[in-house]
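Descriptive structure summary
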Amino acid sequence: MSPQTPASQTLLEWHRTGRLASCFPGMPGMLAEVPDDELASVGRLLSQLDPDDVLGEHPATPVVTVAITGHGTLGQLTAPLAAELARHGMLMRALLSAFDGYVFDLSDPDSAVYAARPDLVLCVLDPMVVFDEIPVPWRSADAERALHDKLQMIGRLAAGFERHGHGTLVLNTMPLLRRFTAQIVDHRSRASVSAAWHEANAALLRMAVTHPAVEVLDLAPLLAEGIAAEDPRLSVYAKAHLSPALLARYARDVGHLARHVKGQTKKALAVDLDGTLWGGLLGEDGPDGIDVGSGYRGQAFRSFQRVIRQLGAQGVLLAAVSKNDPELVRAVFREHPQMPLREDDFVRISANWRPKHKNIIELAEALNLSTDSFVFVDDSSFECGLVRHALPGVAVVQVTEEPARHVERLLHDGWFDTRELTEEDRTRVSKYTDDLIRKDFLETFDSVEEYLRQLRITVHVATVRDDDVARVSQLTLRTNQFNLTAARLQPGDVHDLLTDPAALLLAVYSADRFGENGLVGAIFARRAEGDLHIENFLLSCRVFSRGIEQACLSVVLKHARAERAAKVLGIYRQTPKNGKVRDFYPRNGFVHVASEGPQMVFRHDLAEIPEPPQHICMVDTIGEPS
Amino acid sequence: MNSMDDFLALLRDELGLQVTRQDVGVDLHHVAGWDSLYFLYLLTTLEKRTGRSLLLADLLEASTLNDIYALAVTE
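These lines cover the structure that appears in this document, whether it is placed above or below.

The rules behind each value
Residues numbered from 1 in each chain as written. Chains lettered and ligands numbered in written order. Predicted model: local features only at pLDDT ≥ 70, side-chain atom pairs only at ≥ 80, totals over all residues. Heavy atoms only, no water. Helix = DSSP H or I, 4+ residues; strand = E, 2+ residues; numbered from the N terminus. Rg over C-alpha atoms; globule rule 2.2 N^0.38 Å. Buried < 20%, exposed > 50% of the residue type's maximum accessible area, 1.4 Å probe, protein only. Contact = heavy atoms within 4.5 Å. Areas by Shrake-Rupley, 256 points an atom, 1.4 Å probe, with all protein chains shown as cover. Lys, Arg positive; Asp, Glu negative; His and termini not counted. Charge placed at Lys NZ, Arg CZ, Asp CG, Glu CD. Pairing = 2+ DSSP bridges. Axes fitted to C-alpha atoms, helices over the stretch in contact; angles between N-to-C directions. Parallel < 35°, antiparallel > 145°, perpendicular 65-115°, else oblique. Left-handed = near helix turned anticlockwise from the far one by under 90°. Nonpolar A, V, L, I, M, F, W, Y, C, P; charged D, E, K, R; others polar. Salt bridge = Lys/Arg side-chain N within 4 Å of Asp/Glu carboxyl O.

On to the overall build of chain A. Within chain A, the regular secondary structure consists of 27 helices and 18 strands. Taken over the C-alpha trace, chain A has a radius of gyration of 26 Å; the compact-globule value for 626 residues is 25 Å, and the two agree within 12%. With respect to the principal axes defined by its C-alpha atoms, chain A has extents near 80 × 70 × 55 Å. Counting across all 626 residues of chain A, residues that qualify as buried make up 55%. Long-range contacts, defined as pairs at least 24 residues apart, comprise 71% of the intrachain contacts of chain A with a sequence gap of at least 6. Accessible surface computed for chain A: about 26800 Å², of which carbon and sulfur atoms make up 50%. Averaging the positions of the 66 positive and the 84 negative side-chain charges in chain A gives two centres separated by 1 Å.

Right under this line is the structure:
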């Protein structure tokens, strides 16, 4: 390797001295500074790491099990994938299938792929899936027939995966290559081949709509960035039908999907102002002198603001973090005629002279989020470096002095990628803004009890309905602090539980004088051997520490007693982020009965069930028809 | 890449192969950790390092590290 950056050199040093496993927790910070074209080299070294060596030293490292299958040679995917996962602090356990093994892997319920119960099954589709089936000479009708047959088969494999599989099956669209279309010399027929091809890709993309366990990555936007779809030499000689550069770009998107599946989606975007949202220096140029809206650069900044607004409308919490005079900043957001972003698009505008990482820490506390949930954008290498150093979990995006590239820089990584939006996402900003108002409200009281009483909290516990599945799954994926076992469930998993007669799935809704909080919690329980087992209990970080958790537990215990359960068992499994609820069961009348590794089991004998806190108005509709 | 030592350093640092001068004449099947997939990495990497286009078919027929090095540096 001839590493250009100090970070690449450090990583190489870790490899040479055999410290890649012991230094694994430092990987995200280090890889954040490795340029994209050096990532694959690092990935080759990382892909040779034995996950158990890393886990031996750092048992809490999140592991993503990935099965890689498809039509061609796919060994070249493991290196960039290992690097992309390590960027997010995750360890890869890869299962690389035999060449062209995807049909067998996915159609046989006893295959090694199913047996490994991977988090992600990557079924990598390439153009040769189709063209290997086409005779010579061929006409457009031959291509159309082959496409139709393959689609049918892939559809059957996806349906089979839903029946037998666990986790998520990832398909992708197939690039169309000129070395095939140009074999047809008449434009009419060539257009027919293209039309059939694009229709097949569209049908593939729609499989994600009909199959909740399937995701389909569209390679077309990646190719449009100027990446070659293939290297014909690798395709012809080695049956590696997609280019290494395309596989690396694909691996980046898979990395973000994995982060989402493991419950590590970013939730907030903190943006700098001068040079990032507008051109010029507000303090010097004044509100009328900054570049936004008109002029060449002004239009570029305006486009960037529109993208930020677009993200905010989908549940990403926006904050401004700027070294500026707060009054001036407020005036710009309120009065500047050409600003797409307005004050109420943000959950907070922090304009002061304090270090930016301190503002991010404070904001994270106010929103009850971890700083790891933040993405930070700034044009200053000094500020970016400082945040990266002080808060290695924050994803830092440095934009350049060319504002027309800001959008591309920010969206290069799918930091906020999620599988499905819920109504909760679309109203999240106002809910968090309400929370900040609640906090201000709190400061007007002498005691927390008085505050809670005045808050007039209502909690409704009900059986989960079909409509709640997406939101309940999302809660398991997004909630890290009040999540007693951190079991992450995809929508399909939640759906399966709804049809399981032994399972009891409860949704928790809350509201208070400031408005509805929506579906803020879920309880997963199971009836077994005359007992009720609480397999998981989670509550959005927006609403805990208000007595809601005690009120819900009281309802569950009463329900168990009414169902004549002998006792209730509660499980807690420790993760790096849920230490706060370690004592939840013992503090609420449970006794510790067993421990195994990070898992503890607690028992409640149902003799004395505490009443819900007095300040909460409780509505319990468990057992009522949905 | 100017010498066999540079080439061996590349194999160690990019592919994680623990190779020394003693391995250069050994059949690739007997080089610890060797994987035929490395031909593909080496095609891209050697082309980038030397600025020349290599013939993958020739590379795939190489049976020792020496053969690969010769293909990469021969004018």
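Here we take up the sheet that holds strand β7 (residues 317-323) of chain A. Residue and element names in this part refer to chain A. The strand order β8-β7-β6-β9-β10 describes an open sheet built from 5 strands, whose pairing is parallel. Each edge of the open sheet carries a strand with a single partner, namely β8 (348-352) and β10 (395-398). Across the sheet, the mean angle separating the axes of adjacent strands is 20° when strand polarity is ignored. Of the strand pairs in this sheet, strand β6 (residues 268-271) and β7 are connected by 4 bridges, and their pairing is parallel. Residue Ala268 lies in a different strand from β7, and its bridge partner there is Leu317.

It is worth spelling out the packing of helix α1 (residues 4-15) of chain B against helix α2 (residues 38-50) of chain B at this point. All names here are of chain B. α2 packs onto α1 with a crossing angle of 125° between their chain directions and a minimal axis gap of 12 Å. Comparing their axes, α2 and α1 come out oblique. The interaxial crossing formed by α1 with α2 has right-handed handedness. Where α1 abuts α2, its residues Phe7, Leu10, Leu11, Glu14 and Leu15 lie against Tyr38, Tyr41, Leu42, Thr45, Leu46 and Arg49. The residue makeup of the contact of α1 with α2, split by class, is 8 nonpolar, 1 polar and 2 charged.

Here we take up the sheet that holds strand β4 (residues 168-172) of chain A. Residues and elements named next belong to chain A. If you trace the 5 strands from one edge of the open sheet to the other, you get β2-β1-β3-β4-β5, paired in parallel fashion. Two strands bound the open sheet, and with one partner strand each, they are β2 (91-96) and β5 (214-217). The mean inter-strand angle of the sheet, taken between neighbouring strand axes irrespective of direction, is 25°. Note that strand β1 (residues 63-70) and β2 share 6 bridges and pair parallel. In the sheet register, Val66 faces β2, and the bridge partner there is Ala94. Lying over the sheet, helix α14 (residues 244-261) contacts β1, β3 (120-124), β4 and β5, oriented at roughly 155° with respect to β3.

Opposite charge on two side chains allows them to pair when their charged atoms are near. Enumeration according to the criterion identifies 37 salt bridges over all chains in this entry. With a closest N to O distance of 3.1 Å, A:Arg93 and A:Asp52 form a salt bridge. With A:Arg93 in strand β2 and A:Asp52 in helix α4 (residues 51-57), this residue pair connects regions lying 41 residues apart in the sequence. A relative accessible area of 31% places A:Arg93 in the partly exposed class. For A:Asp52, a relative accessible area of 44% gives the class partly exposed. Where A:Arg233 meets B:Glu47, a salt bridge forms, and the shortest distance between an N and an O atom there is 2.6 Å. You can see A:Arg233 sitting in helix α13 (residues 232-238) and its partner B:Glu47 sitting in helix α2, one on each of two chains. Several salt bridges share partner residues, and in doing so they unite A:Asp36, A:Glu84, A:Arg87, A:Arg252 and A:Asp413 into one network.

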